[in-house]
Amino acid sequence: MMRRSILALIVLLLAAPAFAVNPDEVMKDPALEARARALSGQLRCMVCQNQSIDDSNAELAKDLRVLVRERIAGGDSDEQVIAYVVSRYGEFVLLKPRFETKTLVLWGTPVALLVIGAIAMALAARRRTGKITGTALTSDEKARLDALLKDETT
């Protein structure tokens with residue numbers, strides 16, 4: 001009983017992204033539909049912003065899914081479809097931004113933060129393992145230390 005309910009839950013969770021695409025949107029050619037799904041997975045829902053248009057139930061996402069399928073049916077390549085959608089909605093519509101000079105800060109910031117963090121950790125470790133500096137013991141202090149050590153060993 002428990003095993004069946006867990007299996008049903010897993011199937012529902014795996015099928016959850018499929019619920020966003022309505023049956024009337026699905027293309028008849030499975031190859032074209034697979035292309036449309038792949039492209040829809042790369043485009044951000046402008047309403048939800050954390051979901052692809054393939055996963056979102058928003059009206060704008062539906063309109064974009066239909067637009068992608070229309071462009072594919074019209075003979076556009078994947079690059080042409082993406083370029084068309086980006087020209088209408090801007091780079092933000094891409095879930096994975098392109099590596100360009102405009103997005104260099106976006107891509108470079110994590111690397112820069114890792115380098116800065118590594119340098120900070122190295123400097124902190126270096127400070128901890130540095131030599132202890134101070135003045136030399138006076139003859140009275142040496143004599144007292146020797147006496148204390150001698151008392152401790154006996």
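If you're wondering where the values come from, they're calculated on a predicted model, not measured in any experiment.

For the rest of this paragraph, the subject is the UniProt feature "transmembrane region" (unreviewed entry) in the protein. In this numbering, the UniProt entry assigns the feature "transmembrane region" (unreviewed entry) to residues 104–125. Taken as a whole, residues 104–125 contains 100% helix and 0% strand, while its terminal C-alpha atoms sit 31 Å from one another.

This brings us to the nonpolar core. Soluble globular proteins: nonpolar side chains tend toward being buried together. Core analysis: the largest hydrophobic core is formed by 18 residues, its most contacted members being Leu43, Ile53, Val68 and Ile72. Those elements that provide at least two residues to this core are helix H2 (30–40), helix H3 (59–73) and helix H4 (78–89). Considering every element that reaches this core, the biggest residue donor is H3, with five residues. Discounting residues that sit within four places of it in the chain, Ile53 has contacts with Ser40, Leu43, Arg44, Cys45, Ala61, Leu64, Arg65 and Val68.

Let's shift gears to the packing of aromatic side chains. The tally for this structure, following the rule as stated, stands at zero aromatic pairs. The cationic tip of Arg44 hangs over the ring face of Phe92; the distance from NZ or CZ to the ring centre is 4.4 Å. Residue placement shows Arg71 over the ring face of Tyr84; its charged tip is 3.8 Å from the ring centre.

Following the criterion strictly, the structure yields five salt bridges and no others. Linking Arg37 and Glu33 is a salt bridge whose minimum nitrogen-to-oxygen distance equals 3.2 Å. In this pair, Arg37 and Glu33 both sit in helix H2, four residues apart, roughly one turn of the helix. Since its relative accessible area comes to 27%, Arg37 is described here as partly exposed. Across the pair Arg37 and Asp54 runs a salt bridge whose closest N-O atoms are separated by 3.7 Å. One end of the pair, Arg37, is in helix H2; the other, Asp54, is in the loop between H2 and H3, with 17 residues separating them in the sequence. By sharing partners, the salt bridges in this structure join Glu33, Arg37, Asp54 and Arg69 into a single network.

Parameters and conventions
Residues numbered from 1 in each chain as written. Predicted model: local features only at pLDDT ≥ 70, side-chain atom pairs only at ≥ 80, totals over all residues. Heavy atoms only, no water. UniProt positions renumbered as here; feature names shortened; annotations may be inferred. Helix = DSSP H or I, 4+ residues; strand = E, 2+ residues; numbered from the N terminus. Core = buried A, V, L, I, M, F, W, Y, C linked by side-chain atoms within 4.5 Å. Buried < 20%, exposed > 50% of the residue type's maximum accessible area, 1.4 Å probe, protein only. Contact = heavy atoms within 4.5 Å. Phe/Tyr/Trp six-rings, centres within 6.5 Å; stacked < 30°, edge-to-face > 60°. Lys NZ or Arg CZ within 6 Å of the ring centre and 35° of its normal. Salt bridge = Lys/Arg side-chain N within 4 Å of Asp/Glu carboxyl O.

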